[in-house]
Amino acid sequence: MMNKAKSFDDITFQILVNGMLISILVAVLIPMWKVLVESVTPLNYNQVQAYGLWLPFSKWDFEAYKQLLSHPFFLRAVTNSSIITVGGTIINMLLTVPFAYALSNRTLPGRKFFIIMVMVPFLFNAGLIPTYLVVQKLDLIDKYWAVILPGGINITNLLVMKAFFEGIPEELTEAARLDGANEFHVLMRVVMPLSKPILLTIGLFYAVGHWNEFFSAILYLNDASLQPLPVLLRNILLAANMNEYVEYDAFSSASVQAIKAASVFLTALPMVIIYPFIQQYFTKGTLLGSIK
Amino acid sequence: MSEAILVPPKKKASVVSKKRLLRTWKSVMKHRVLYFMMIPGLIYFLVFRYLPLWNAQIAFKNFQPLLGIEASPFMENLFEHFETFINSFYFSQLIGNTLILSLMKLSMGMPIAIILALCIYESMYKRLARFVQTISYVPHFLSWVIMFGILLVMLSPGEGLINEVIKSTGNEPIPFMLSPQWFRWVVVWSDIWKETGWGTIFYLAALMAIDPTLFEAAAVDGASRLQRIWFISLPGILPTIVVVTLLRLGSILDAGFYQIFVLYSLPVYSVSDIIDTWVYRQGVLEFQFSMATAVGLFKGAIGLALVLVANRLAKRITGSGLY
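Residues numbered from 1 in each chain as written. Chains lettered and ligands numbered in written order. Predicted model: local features only at pLDDT ≥ 70, side-chain atom pairs only at ≥ 80, totals over all residues.

Q: Kindly report on the overall build of chain A, identifying the contributing residues and their values.
A: Looking only at helices and strands, one finds 13 helices and zero strands in chain A. Mapped in sequence order, the helices and strands of chain A form the string α-α-α-α-α-α-α-α-α-α-α-α-α. Its C-alpha radius of gyration of 25 Å places chain A more than 25% over the 19 Å reference for a compact globule of 292 residues. Dimensions of chain A along its principal axes, counting C-alpha atoms only, are 80 × 75 × 35 Å. Going through the 292 residues of chain A one by one, you find that 39% of them count as buried. Put simply, 74% of the contacts in chain A that link residues at least 6 apart link residues at least 24 apart. (Helix = DSSP H or I, 4+ residues; strand = E, 2+ residues; numbered from the N terminus. Rg over C-alpha atoms; globule rule 2.2 N^0.38 Å. Buried ≥ 20, exposed ≤ 12 C-beta atoms within 10 Å, placed from the backbone. Contact = placed C-beta atoms within 7 Å.)

Written out as structure tokens, the structure is:
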């Protein structure tokens, strides 16, 4: 009797919990799915079913993708975004990793001073205009450097990485030092191989930030030929017609909606593809140091 | 008497300090490779973090681009830009919008994140739970421009999904993105859609850290599932809830600049213009550099005070904080 009552209680509870999980899953997926369906809906297709959430696979039409991927504007924006993402992430890591490693060394004379030096701008930001004036003075306007360098070190990422390095057992690094390795070798051969999760996590965060770079591009890149994908995407989303963004062809073309949805999908795609590969690492990486 | 105690014999002091200096110097030399490795980072901090702080002096000046930052004259009343802003018509609107949007996001987003974390933790179908967790993280990595596209697909009065549903019930479509009545809800719910999954990370970690024998003991004592959540799980994650709330309150003046910058438009300025968006328009579009910097500093100073208080409180109550 007791057992049955308990299991009945459990079953109701599990129905409630899993029902909630499934509704949240649906709420997350529906908007993404709707974008996908809209991007493959053929021009002048008006037998929309289930509020445009269902389109038979035989009707899927990739014209919008073909149009976008064959247009120089779009390809140029993809190239620009790729350059900013790859170059920016490399520079981020080159700046962040050695600095975090040095700060993680508890015997470093002046360590306290350097940590205060990091914390002051972390807690107090001078704001938009003073930074803009620095970029302007360095003559970086309309150069990729302008969107890469001001965010060269993300202080949260720096602190998380420092916390991770501090957790590496000292015996390991000390052993390498006794073997005559200098700090640079210790970092390269001992610390970095042990820090793969944090390096991948932080690398992903930086890369996502660069791929999504929008505001700093608006601010610093006036030259249309330098603009990254998010800027083009916004222009496409705000445009009333697509004459500027696709080769207009009266006979075979895609609807404005489909082109807008396809450009949303293509911009999101790289993130969605890379994400599952790195996901396994980042839960641990994010938790460490973000709240101590 | 007291002086004799305070000032030790001179000769000995210099010997000691010389020794100490020598030791420090040796230690510095021992770590020279580390200092060398810090050089790029140090240059970065000086140029892109401290030079802006120096440039912020234009908040107290009448900045003239041709004269440059240093040569521009100080205002007669140093705080004139600050006073103009505080007395301006915008002030109450900007502060109001900033606080309202921040508090709406916090008060609605947080319970949903906690409930989602509890569901993931309690579900006996671990695969489903992990799948929901994985999928719910994805929107965190999408930019606000992509979100803008998704919102258009969902909300546009022409063929947005939600308006299709509204139309099918025989009602008039609602221009959500352009309606002052609805726009704040768009901002809040799009933020919840994007960030709730990611927000569960902290609560899940706290749940995992609860001693499982507590649940077993409660089950033996006949506690129901809901009682176990109420008396064990929730108290277990309470410190995390307190810390997250305090830190969010500490950054309450950051109401989501990138989001609002991408989503808003002229018809909804009155309900969504926040301090940061105003600073952008004043500074970058209207070239009021000194005024925009002053408002930025004003926000930075209050934000600093709030973060320091929030962090101290968080540390006192739970023993953990931001730094």
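Q: How would you sum up the overall build of chain B? Please name residues and give values.
A: Per the secondary structure count, chain B includes 15 helices and zero strands. Relative to a compact globule of 323 residues, whose C-alpha radius of gyration would be 20 Å, chain B shows 27 Å and is clearly more extended. By its C-alpha atoms, chain B is 90 × 65 × 40 Å across when sized along the principal axes. Within chain B, buried positions represent 37% of all 323 residues. Partitioning the intrachain contacts of chain B with sequence separation of at least 6 by distance along the chain shows that 65% fall at a separation of at least 24.

Q: So what's going on with the nonpolar core? Residues and values would help.
A: Core analysis: the largest hydrophobic core is formed by 119 residues, its most contacted members being M161(A), L151(B) and V295(B). If we skip the residues at most four places from it in the chain, V295(B) touches F85(B), I275(B), W278(B) and V279(B). Within the second largest apolar cluster, 25 residues are counted, among which are L21(A), F202(B), V243(B) and A310(B). (Core = buried A, V, L, I, M, F, W, Y, C linked by C-beta atoms within 7 Å.)

Q: Just give me the short version of the domain arrangement of chain A, but keep the residues and values in it.
A: Residues and elements named next belong to chain A. Annotation of chain A at the domain level lists domain 1 (1-61) and domain 2 (62-292). Just the C-alpha atoms count here: the centres of domain 1 and domain 2 sit 33 Å apart. Taken residue by residue, the interface counts nine residues in domain 1 and 12 residues in domain 2. Taken together, the residues of the side of domain 1 that touches domain 2 sort by class into five nonpolar, two polar and two charged. (Domains from an automatic or database assignment. Nonpolar A, V, L, I, M, F, W, Y, C, P; charged D, E, K, R; others polar.)

Q: How would you explain helix α11 (residues 225-250) of chain B if you had to name every residue and give the values?
A: One turn of the α-helix equals 3.6 residues, which is why residues spaced by three or four share an orientation. Here α11(B) contains 26 residues, and its C-alpha end-to-end distance of 35 Å stays within 8% of the 38 Å for a straight helix at 1.5 Å per residue. Among the residues making up α11(B), those that are buried are R225(B), R228(B), S233(B), I237(B), T240(B), V243(B), V244(B), L246(B) and G250(B). (Expected span 1.5 Å × (residues − 1).)

Q: Report on the environment of L237(A), specifying residues and quantitative values.
A: Positionally, L237(A) belongs in helix α12 (residues 229-238). L237(A) gets classed as partly exposed once you count the C-beta atoms within 10 Å, which come to 19. The spatial distance from the C-alpha of L237(A) to the C-alpha of S263(A) is 8.7 Å, given a sequence separation of 26 residues. Beyond its immediate chain neighbours, meaning those up to four positions away, L237(A) contacts K260(A), F148(B), G149(B) and L152(B).

Q: Please provide a residue-by-residue account of the packing of α11(B) against helix α15 (residues 289-318) of chain B, values included.
A: All names here are of chain B. One way to put it is that α11 packs onto α15 with a least axis distance of 8 Å and a crossing angle of 170°. Classified by the angle their axes make, α11 and α15 are roughly antiparallel. For the pair α11 and α15, contact is made by P239, V242, V243, L246, L247, L249 and G250 and by L306, V307, A310, N311, L313, A314, I317 and T318, respectively. Tallied by class, residues from the contact of α11 with α15 come to 12 nonpolar, three polar and no charged. (Axes fitted to C-alpha atoms, helices over the stretch in contact; angles between N-to-C directions. Parallel < 35°, antiparallel > 145°, perpendicular 65-115°, else oblique.)

Q: Give a detailed account of the interface of chain B and chain A, specifying residues and quantitative values.
A: Facing the 74 residues of chain B at the interface are 72 residues of chain A. The leading source of residues in the side of chain B that touches chain A is helix α3 (residues 32-55) of chain B, at 15 residues. Split into classes, the residues belonging to the side of chain B that touches chain A amount to 53 nonpolar, 16 polar and five charged.

Q: Can you tell me about the domain arrangement of chain B, naming the residues and giving the values?
A: In terms of domain boundaries, chain B breaks down into domain 1 (2-60) and domain 2 (90-318). Computed from C-alpha coordinates alone, the two centres of domain 1 of chain B and domain 2 of chain B are separated by 42 Å.

Q: Kindly report on the packing of helix α7 (residues 144-155) of chain B against helix α9 (residues 183-208) of chain B, identifying the contributing residues and their values.
A: For any two helices packed against each other, the geometry comes down to the angle between their axes and how far apart the axes lie. Residue and element names in this part refer to chain B. Where α7 contacts α9, the axes come no closer than 12 Å and their chain directions differ by 115°. Between α7 and α9 the crossing geometry is right-handed. Listed contacts from α9 to M147, L151 and L155 of α7 are V186, S190 and K194. The residue makeup of the contact of α7 with α9, split by class, is four nonpolar, one polar and one charged. (Left-handed = near helix turned anticlockwise from the far one by under 90°.)

Q: Before we move on, could you go through unusual backbone geometry and cite the residues and values that matter?
A: Residue and element names in this part refer to chain A. Not every positive phi belongs to a glycine, and D139 is a case in point at roughly 60°. By the element assignment, D139 lies in the loop between α5 (128-137) and α6 (145-148). Its 10 C-beta neighbours within 10 Å are what place D139 among the exposed residues. The backbone phi angle of D142 is positive, close to 65°, even though this residue is not glycine. Taking the number of C-beta atoms within 10 Å as the measure of exposure, D142 has 13 and is therefore partly exposed.

Q: Describe in detail the environment of A223(B), supporting the description with residues and values.
A: All names here are of chain B. Note that A223 resides in the loop between α10 (212-220) and α11. Accessibility expressed as a C-beta count within 10 Å gives 16 for A223, which makes it partly exposed. Non-local contacts of A223, meaning those with residues more than four positions away in its chain, are made with A218, R228 and F231.

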